[in-house]
Each structure stands twice: as structure tokens, then as C-alpha cells.
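Architecture at a glance
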Amino acid sequence: MLTQEVATVRKTSLYDEHVALGAKIVDFAGWAMPMFYEGIVKEHQRVRGTAGLFDVSHMGEFMVSGADALPALERLTTNRVASIAEGRVQYSAMCYENGGFVDDLLIYALPGRYMLVVNAANLEKDLEWIRSNLTGDVVVDDVSDETGLVALQGPASERILSGLTSVDVPALPYYYWTKAEIAGRETTLSRTGYTGEDGFEIYCDPRHSCAIWGALLEEGAAADIGPVGLGARDTLRLEMGYSLYGSEMDASRSPAEAGLMWVTRLSKGDFIGRDAIARSIDEGIDERIVGFELTGRGIPRPGHRLFVGDDEVGHVTSGTFSPSLKRGIGLGYVRSDVTGELSVDIRGSHIEAHTVSLPFYREGSVKRKRPAL
Amino acid sequence: MSEKDRLFTETHEWVSVEGDVATLGLTDYAQGELGDIVFVELPEAGRSLAAGDVLTTIESVKSVSELYAPVECEIVEGNAALEDDPSIINSDPYGTGWIAKLKLAPGTDVSQFMTAEQYEAHIKG
């Protein structure tokens with residue numbers, strides 16, 4: 001009944017810190033990562049209330065350079081890369097010719113090159129796909145092993161970080177990055193995250209991860225900062241209705257079905273998957289992602305079937321107990337016409353639910369205000 | 001009654017037997033491994049179970065786990081307090097966080113279960 005401990009998996013440079021902090025370690029995409037330290041609910045509430053610190057060093061980072069880097073990325077990704085000036089960050093996706101997802105990613109416009117941040121589970125597949133679709137003067141380097149990544153998330157993040165750097169942290173807008181010396185170490189600091197709270201992601205030399213991690217925990221102690229595992233990372237993102245590759249996104253689903261047309265610019269010119277996505281928009285999609293809340297007792301889980309009356313209309317892709325809303329919430333693919341009341345088949349019982357607009361949680365501190373383009 | 005007076009199963013249930021009624025719960029080790037328990041299906045009084053049948057389902061934030069009837073029995077009572085606050089399994093697994101009271105079949109042999117010392121060795125094993 002219990003999760004198996006894993007024998008040989010990769011460890012981030014913060015692994016010993018996690019063990020010392022009493023983390024329950026699990027295998028995630030081949031990495032030994034903390035699932036939780038004190039408990040998912042407490043860590044979740046800490047991020048919503050004050051600040052939490054995540055080790056996400058397992059994520060993959062690629063550097064894309066060369067005279068043709070921009071046109072290459074326009075062809076490889078769905079969002080308009082030309083719209084991100086140096087200093088900015090963009091959420092985007094990569095799709096196959098048939099419109100299915102290769103991965104979702106962040107693109108950082110660095111001086112003279114771009115950094116792509118991809119899911120750990122997809123790293124090798126992404127690299128191979130990117131390299132096989134390159135044309136012109138462009139070089140892609142996998143720098144994942146030389147890159148540590150720590151996420152500081154929560155309404156107290158700005159104040160905590162300000163104590164460790166001379167950078168004007170409040171002046172850094174949402175989805176912008178800057179070079180920053182944090183606790184005496186060079187980093188790339190961005191105002192980004194996956195929780196719905198204000199927060200930052202800090203890229204550094206992995207040999208400095210422990211020093212930065214320790215300094216943030218110490219600086220934030222008075223604000224009740226604490227380490228947060230992957231368990232709460234998932235409940236936090238799900239309360240925001242954020243998609244997760246492998247759950248809402250995979251090779252069989254397109255941005256049209258996943259609700260990710262806001263990062264898909266059909267008008268930007270040709271890109272891989274464009275024609276298939278445009279065609280599915282014209283012809284209409286059979287299924288789409290919806291968010292739903294349970295009104296009855298129970299917790300939806302991936303794979304549970306969704307019904308309207310006796311009609312099976314779809315299935316759950318992500319589901320959990322929402323620590324903020326204190327009820328079961330989920331995302332799922334349903335027939336495009338479905339809205340309103342539905343039910344979730346949980347171990348043979350149909351539990352009442354209804355669709356809701358996303359996000360589930362609306363009190364997040366994330367600062368969406370951006371300067372004019 | 002302390003943890004020492006209980007008997008333990010390989011699937012991380014504890015039982016405390018008085019006469020022909022056993023109180024059953026989840027061990028402290030198991031609750032710690034599962035993390036925050038957020039949902040318990042209340043065991044339904046009157047239902048008869050064979051040894052190994054699913055007694056109830058317990059859900060933490062991340063996982064769904066089944067609890068099994070360790071022996072042939074009938075459910076006398078589920079702990080109704082768990083409907084309002086399943087986290088008492090985390091905070092008091094051997095006390096207020098008990099899960100079900102079971103009426104044991106006549107002649108039930110409980111000597112097959114582990115003592116506290118044996119269970120401790122089992123989880124360290």
C-alpha cells in the first residue's frame with residue numbers, strides 16, 4: 001500500500017538537504033525528489049500564506065544560440081518568440097505536425113541567445129526532437145547538468161529575496177528575468193512560478209544551490225518559510241488550473257483541446273503543428289479540458305470516468321483534495337458540449353460535481369500586471 | 001492502551017482485541033508514509049468480510065490506499081469522527097483515529113499477527 005523507495009536514481013545537488021530536512025523521497029522522472037517534508041497540506045498552506053522553497057533542479061535547460069536562433073524557435077514553438085525582448089520570459093509549447101504536444105516550456109530571452117526550460121521527464125525526447133527539426137545557423141546545448149533551479153514562492157517571497165540581493169526585486173515584473181547576485185552567488189532570477197502566488201525562480205551553478213537554499217531558509221525564517229515538496233507543487237498548480245505534461249498534455253492532445261490557445265499564435269506564420277491545430281479549430285474539437293469541483297464527498301483521481309446522467313462523457317486527468325477549498329477538485333477531458341452538472345465514478349459510486357471556470361483558487365498573490373509591450 | 005498492547009499486520013493495520021470485538025486502525029508508520037489523510041470511506045456497519053477483503057479506502061493528498069480485513073469478521077461500527085476530520089489518523093493513529101470495530105468470527109486465531117516488536121522489525125526490514 002505504500003510507495004516503494006527507489007534504489008538508483010539521479011540526485012540534485014540539494015538531495016542531502018532534503019534528507020536532512022526529513023523529506024519523504026520519491027522517484028520522479030528518474031530523480032530522487034522530495035514528495036513532502038512535514039506534509040503536503042501544511043506546505044501548500046505555507047506557500048499560499050507566506051513562502052515556500054522548492055528544489056526543481058531536475059527540470060531541463062537548453063541554450064539556443066546562433067544567427068538563426070529566432071526563426072528556429074518560431075518554427076519549433078507555438079507562441080510568438082519575436083514578441084519577447086531581451087529580459088523577458090514566455091510560456092509556450094512545442095507540438096508535433098499533428099498538433100499533439102511534444103512538451104510545454106518556458107523561453108528566456110537572454111543576451112544573444114535563448115534558454116528553454118523543459119520538463120525533466122521529456123528532456124531527452126525534447127532535445128532529440130528539437131535537434132531533428134533545426135535548420136540554419138543554430139546550436140542547441142543541453143546545460144541541465146550545469147544548472148541548479150530553486151523556486152521561492154508565496155506572498156512573502158519579494159521581501160525575503162530583497163534581503164539577500166542588491167537587485168531591486170520589487171521592480172522586476174511578472175515574467176521578466178534579471179542577473180542577480182543572491183547570497184553572494186551569481187544567478188539568473190525570474191519572477192515566474194507554478195503556484196499562483198507571487199514568486200521567483202532562481203537558476204544557478206548547482207555547486208551554489210545549497211548556499212542559496214540555506215540563505216533563503218535562514219532569511220525567511222522570521223516569515224515562516226519552509227521547504228515544499230512535489231506533492232504541494234502539484235496541489236498548488238492544480239488549484240490554479242495549470243496544465244501538467246503527462247496529465248492534460250501529451251502527444252495525443254493539442255493546444256486546442258488543452259485550453260492552451262492563449263500560447264498558440266496561429267497568425268505568427270508557419271510553425272510545426274500549425275496546420276493541424278488551425279484545422280481542428282475550424283472543424284471543431286470533440287473533447288476539451290474542463291475544471292470541476294465535487295459537491296459530494298470524495299476525491300477525483302486520474303482515470304476516473306466522468307458522466308452526465310448515464311452518459312459517459314470523459315475522464316479525469318488530474319484530481320486532488322484542494323487544501324484551500326477543502327473539497328475534491330479536478331481537470332478532465334470531456335465532450336465539447338458538456339458543461340454544468342456531472343458526476344465522477346469513484347470506485348463504482350457516482351459522486352456529484354459541477355464544472356467551474358478556472359482557476360479554482362482566486363486569491364493568489366501572483367502579480368500579473370506587466371508593463372506595456 | 002498503548003501501542004505495545006496491539007497486534008499488527010504486514011499491510012500496516014493494527015488491531016486491539018477485547019473479547020470477540022477488535023478495534024482496527026492504521027499504524028503510525030503507515031500514516032507517516034502516506035502523509036496528510038484527507039478522506040476515509042466510512043466502513044459500513046453490518047457488512048461481513050472474509051480475511052483479505054477490502055475494509056475501506058483511505059486517501060492522502062497524493063495516494064489512494066486500501067485497508068484490509070485481517071480475519072473473517074463483521075463490521076460493527078466505523079469511526080464517524082473520520083468523516084469530519086480524517087486527519088486524526090495522522091495525529092492520533094492509535095487513539096481517536098481508530099477506523100473500525102470488527103466482530104470476529106468464532107474461533108478466530110489472532111496469534112498469526114505480529115507483536116509491536118515484530119512489527120517494528122518488519123518495517124525496518
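Calculation criteria
Residues numbered from 1 in each chain as written. Chains lettered and ligands numbered in written order. Predicted model: local features only at pLDDT ≥ 70, side-chain atom pairs only at ≥ 80, totals over all residues. Heavy atoms only, no water. Phe/Tyr/Trp six-rings, centres within 6.5 Å; stacked < 30°, edge-to-face > 60°. Helix = DSSP H or I, 4+ residues; strand = E, 2+ residues; numbered from the N terminus. Buried < 20%, exposed > 50% of the residue type's maximum accessible area, 1.4 Å probe, protein only. Lys NZ or Arg CZ within 6 Å of the ring centre and 35° of its normal. Contact = heavy atoms within 4.5 Å. Buried area = accessible area lost by both parts, 1.4 Å probe. Salt bridge = Lys/Arg side-chain N within 4 Å of Asp/Glu carboxyl O. Polar contact = N/O pair within 3.5 Å; in protein donor to acceptor, adjacent residues only side chain to side chain. Core = buried A, V, L, I, M, F, W, Y, C linked by side-chain atoms within 4.5 Å. Disulfide = S-S within 2.5 Å. 1 Å grid on protein atoms, 1.4 Å probe; cavity = no way out; pocket = protein on both sides within 12 Å on 5 of 7 lines; lining within 4 Å. Points joined across faces, edges and corners; volume = space filled by probe spheres on them. Nonpolar A, V, L, I, M, F, W, Y, C, P; charged D, E, K, R; others polar. Domains from an automatic or database assignment.

Take the packing of aromatic side chains next. Under the counting rule described, the total for this entry stands at eight aromatic pairs over all chains. Here the aromatic rings of Tyr194(A) and Tyr242(A) are separated by 5.8 Å at their centres, their planes lie at 20°, and the arrangement is stacked. Separated by 48 residues along the polypeptide, Tyr194(A) in the loop between strand E11 (185-190) and strand E12 (199-204) and Tyr242(A) in the loop between helix H7 (230-239) and helix H8 (255-258) bring together distant segments of the chain. Residue Tyr242(A) is classed as buried on the basis of its relative accessible area, which comes to 19%. A cation over a ring is seen here: Arg253(A) above Tyr333(A), with NZ or CZ 3.7 Å from the ring centre. Against the face of Trp14(B) rests Arg6(B), its NZ or CZ located 4.3 Å from the ring centre.

The interface is formed by 25 residues belonging to chain B together with 20 residues belonging to chain A. Between chain B and chain A lies a buried interface of about 1800 Å² when both sides are counted; carbon and sulfur atoms form 58% of it. Among the residues of chain B in contact with chain A, Glu33(B), Val61(B) and Lys62(B) are the three that bury the most area, contributing 33% of the side total. Counting across the interface, chain B meets chain A through six salt bridges.

It is worth spelling out the environment of Thr195(A) at this point. Residues and elements named next belong to chain A. Its location among the elements puts Thr-195 in the loop between E11 and E12. Exposure remark for Thr-195: the relative accessible area of 1% places this residue in the buried category. Through-space distance from the C-alpha of Thr-195 to that of Gly-99 is 27 Å; in sequence the pair is 96 residues apart. In this structure Thr-195 touches Val-47, Arg-48, Phe-54, Gln-153, Leu-236, Met-240 and Tyr-242, once residues within four positions along its chain are discounted. Side-chain polar atoms of Thr-195 contact the side chain of Gln-153, separated by 2.7 Å.

Right, let's talk about the nonpolar core for a bit. Residue and element names in this part refer to chain A. Phe-101, Leu-106 and Tyr-108 are the most contacted members of the largest nonpolar core, which has 49 residues in total. Excluding residues within four positions of it along the chain, Leu-106 makes contact with Val-89, Gln-90, Tyr-91, Met-115, Leu-116, Val-117, Tyr-175, Glu-201 and Tyr-203. Membership of the second largest hydrophobic core comes to 30 residues, among which are Leu-161, Leu-164, Val-169 and Leu-189.

This part covers unusual backbone geometry. All names here are of chain A. Residue Leu-358 is joined to Pro-359 through a cis peptide bond whose omega torsion reads 0°. Residue position: Pro-359 is located in the segment after strand E19 (349-356). A positive phi is found at Ala-29, a non-glycine position, where the angle reads about 50°. For Ala-29, the position within the fold is in the loop between strand E1 (24-28) and strand E2 (31-36).

Residue position: Glu41(B) is located in the loop between strand E4 (37-40) and strand E5 (48-49). Look at Glu41(B) and you get partly exposed, because its relative accessible area is 33%. Between the alpha carbons of Glu41(B) and Val21(B) there is a distance of 21 Å; along the sequence they are 20 residues apart. Filtering out sequence-adjacent residues up to four positions away, Glu41(B) remains in contact with Arg347(A), Thr56(B) and Thr57(B).

A few words now on the state of the cysteines. Residues and elements named next belong to chain A. Taken as a whole, this structure holds zero disulfides over all chains when the rule is applied. The structure places no disulfide on Cys-204, whose sulfur is separated from the nearest cysteine sulfur, that of Cys-210, by 9.2 Å. Using a relative accessible area of 6% as the deciding quantity, one classes Cys-204 as buried.

A few words on the layout of surface pockets. By rolling a water-sized probe across the atoms, one finds the places where empty space is left. The computed volume of the second largest pocket comes to approximately 330 Å³. Phe321(A), Lys326(A), Arg327(A), Val38(B) and Pro86(B) are, among the 22 residues lining the second largest pocket, the residues nearest its centre. Mapped by element, the contributors of at least two residues to the lining of the second largest pocket are strand E17 (327-335) of chain A together with E4 and helix H2 (81-84) of chain B. Looking at the lining of the second largest pocket element by element, the count peaks at four residues for E4(B). The residue inventory of the lining of the second largest pocket, partitioned by class, reads nine nonpolar, six polar and seven charged.

Turning to the domain arrangement of chain A, a few remarks are in order. Residue and element names in this part refer to chain A. Once the domains are mapped, chain A shows domain 1 (15-56 + 147-239), domain 2 (60-142) and domain 3 (287-364). Every contact between the two is made by 10 residues of domain 1 and, on the other side, 15 residues of domain 3. Of the roughly 960 Å² buried at the junction of domain 1 and domain 3 (both faces included), carbon and sulfur atoms supply 60%. On inspection of domain 1 and its partner domain 3, the count reaches zero salt bridges. Taken together, the connections running from domain 1 to domain 3 amount to six residue pairs in polar contact (both at pLDDT 80 or more). Mapped onto the side of domain 1 that touches domain 3, the elements with two or more residues apiece are helix H2 (40-49) and H7. Of the residues that constitute the side of domain 1 that touches domain 3, the class distribution is two nonpolar, four polar and four charged.

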